[in-house]
Amino acid sequence: VQTRIIDGNPIARTVRQGLRQRVEALRALGCVPGLAVVLVGENPVSRIYVRNKIKACAEIGVYSPQVDLPANATEADLLGRIRGLNADPAIHGILVQLPLPGGISGQRVVESIAPHKDVDGFHPCNLGLLAIGQPRFVPCTPAGVMKILEHEEIPVIGKHAVVVGRSNIVGKPMALLLLQSGATVTICHSKTLDLTEQTRRADLLVVAVGKANLVDKEAVKPGAVVIDVGINRLSDGSLAGDVNKHSVLGIASRLTPVPGGVGPMTIAMLLANTVLAAERSLSEQRVATRT
Ligand code: NAD
C-alpha cells in the first residue's frame, strides 16, 4: 500500500475559517466570544502553548485575556480567580493550562470551572455527558481526531478501533467518541499485556501515550488507518509521535504526522468549543429576555 500522510493544517484552517464567520455573526449581534486563558507559573512549554492559543483566538476575533498567576500562587488564589471568571459575562470559556505547579490539585481546579464554560471538556459533568452520548463540550484533541476522520471520509461504523492510552483528556474521551460513532473499541494502556497483538487487530489505530517509536510495523495491520497523537521531544530537539513513521510507511493506509497532524486540530477545536459556548450563552440570554 501507498501510505497517505494526512496533513492536519489545511483541515484546521477550514475549521477556523468556518469559525471566523460564526464569530462575525455573533459580533454583529453584540456578543464577542471570550476565552480566558489561565497560566500559573513559568513553565516554558506551557507559555508557548498559551501564546499559540491566544494568537489563534485573535485571528478569528475571539477576545482572549491571559490571566497570569505567579508560580507560588496557592490553590485558593487560583480557585478565587476562576470564581471571578465564572461570574464574568464577557467570558464564555475558561482554560487553565496544565500541568499546574505542585500543591495545586488539578482535579479540584477542573471541578471549580463552571461546566458551561469548560471548553476543555474536562469537568466531570462534561465527561459524564460525553459518556452517555450527550456531549456538551468534547475534549479538544479527541474532537480534532474525529474531525480528521470526518474530513478524510474514513468510515468508523462497524470498524475495529484500538485506542492506546486511557487518560481522561485524550484516551478515554477518544474511545467514547469512537464507540458513539459505531466502532467496536478496544482500549490499551500501560498494563496491557499483549499490546502488539491488540493493535494488530485495529482497522483504526489511535495512539496517545507519549513514547516515541512505541508503535512500529509489527503492531499495524496492513491497510489500517493510524492516528498518532503522541508528542515527544527527541534528544536532537526535534518532535516525534508515538508511531515509527518510517517503519509503518507502506503498511498503514493513512497516517497522521507529528508535527502537523493532530496538533493543529487541537487548537482549532478549542476555538470551536469557545464559539459554541458564546452561541449558547447568547441564545440563553435571548430566551431569558423574551420570557
Ligand atoms: P498521559 O501520560 O496522561 O497518558 C498516557 C497513557 O498511555 C496512559 O493511559 C498509560 O496507561 C498509557 N501508556 C503508558 N505507557 C504505555 C505503554 N508502554 N503501552 C501502552 N500504553 C501505555 O498522557 P496524555 O495526556 O493522554 O497524552 C498522551 C500523548 O499525547 C502525549 O505524548 C501528549 O504529549 C500527547 N498529546 C498531544 C496533543 C496534541 O494536540 N496533539 C494533545 C494532548 C496530548
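In this report, the structure presented in the accompanying data block is examined.

Rules and cut-offs
- Residues numbered from 1 in each chain as written.
- Predicted model: local features only at pLDDT ≥ 70, side-chain atom pairs only at ≥ 80, totals over all residues.
- Heavy atoms only, no water.
- Helix = DSSP H or I, 4+ residues; strand = E, 2+ residues; numbered from the N terminus.
- Rg over C-alpha atoms; globule rule 2.2 N^0.38 Å.
- Contact = heavy atoms within 4.5 Å.
- Near = heavy atom within 4 Å.
- Polar contact = N/O pair within 3.5 Å; in protein donor to acceptor, adjacent residues only side chain to side chain.
- Areas by Shrake-Rupley, 256 points an atom, 1.4 Å probe, with all protein chains shown as cover.
- 1 Å grid on protein atoms, 1.4 Å probe; cavity = no way out; pocket = protein on both sides within 12 Å on 5 of 7 lines; lining within 4 Å.
- Sits in = over half its atoms within 2 Å of the grid points.
- Salt bridge = Lys/Arg side-chain N within 4 Å of Asp/Glu carboxyl O.
- Buried < 20%, exposed > 50% of the residue type's maximum accessible area, 1.4 Å probe, protein only.
- Pairing = 2+ DSSP bridges.
- Core = buried A, V, L, I, M, F, W, Y, C linked by side-chain atoms within 4.5 Å.
- Points joined across faces, edges and corners; volume = space filled by probe spheres on them.
- Nonpolar A, V, L, I, M, F, W, Y, C, P; charged D, E, K, R; others polar.

### A closer look at the overall build of the chain
Working step 1: A count of helical and extended segments in the chain gives ten helices and eleven strands.
Working step 2: In terms of overall dimensions, the chain is globule-like: its C-alpha atoms have a radius of gyration of 19 Å, near the 19 Å expected for 291 residues.
Working step 3: If you line up the chain on its principal axes, its C-alpha atoms span 55 × 45 × 35 Å.
Working step 4: Taking the contacts inside the chain whose residues are at least 6 apart along the sequence as the reference set, 69% of them involve residues at least 24 apart.

### Focus: unusual backbone geometry
Working step 1: That bond from L98 to P99 is cis: its omega, 0°, falls within 30 degrees of zero.
Working step 2: Within the secondary structure, P99 is located in the loop between β4 (93-96) and α4 (106-112).
Working step 3: Phi angles above zero are rare outside glycine, and E153 is one such case at about 55°.
Working step 4: Summarising the element assignment, E153 is placed in the loop between α6 (140-151) and β5 (160-164).

### Focus: the site of the ligand
Working step 1: Near the ligand, the surroundings consist of 21 residues, among which R166, S167, S190, I231 and T266 are the closest.
Working step 2: Within the contact set of the ligand, an oxygen atom lies 2.8 Å away from a backbone nitrogen or oxygen of R166.
Working step 3: The side chain of K211 places a nitrogen or oxygen atom 3.0 Å from a nitrogen atom of the ligand.
Working step 4: For the ligand, the protein covers 72% of the area, taking 860 Å² as the surface of the free molecule.
Working step 5: Among the cavities detected, the one that contains the ligand is the largest pocket.

### Some thoughts on the pattern of salt bridges
Working step 1: Going through the model one piece at a time under the given rule, you end up with eight salt bridges.
Working step 2: A salt bridge links R22 to E279; the shortest N-O distance between them is 2.8 Å. Within this pair, whereas R22 is found in helix α1 (residues 8-28), its partner E279 is found in helix α10 (residues 263-290), the two being separated by 257 residues in sequence.
Working step 3: For R22, a relative accessible area of 32% puts it in the partly exposed group.
Working step 4: When its relative accessible area of 25% is taken as the criterion, E279 is described as partly exposed.
Working step 5: One connected set of salt bridges, linked through shared partners, spans R4, E152 and R254.

### A closer look at the sheet that holds strand β6 (residues 184-188)
Working step 1: Strand order in this open sheet of six strands is β1-β11-β8-β7-β5-β6, and the pairing throughout is parallel. Looking at the sheet topology across the chains shown, the edges are occupied by β1 (4-5) and β6.
Working step 2: Bridging between strand β7 (residues 204-207) and strand β8 (residues 225-228) involves four bridges; their strand directions are parallel. By the bridge assignment, V206 is partnered in β8 with I227.

### Some details on the nonpolar core
Working step 1: Ranked by size, the top nonpolar core spans 56 residues in total, and within it L35, L149, L178, I227 and V229 carry the most contacts.
Working step 2: In terms of residues, this core owes the most to one element, α10, which gives ten residues.
Working step 3: When near neighbours in sequence (up to four residues on either side) are disregarded, L178 contacts M146, L149, V156, A161, V163, A183, V185, L204 and V206.

### Concerning the layout of surface pockets
Working step 1: The calculated volume of the largest pocket comes to roughly 1600 Å³.
Working step 2: Taken together, 47 residues make up the lining of the largest pocket; nearest its centre are Y49, T141, I231, G263 and T266.
Working step 3: Here the lining of the largest pocket is composed, by residue class, of 26 nonpolar, 13 polar and eight charged.

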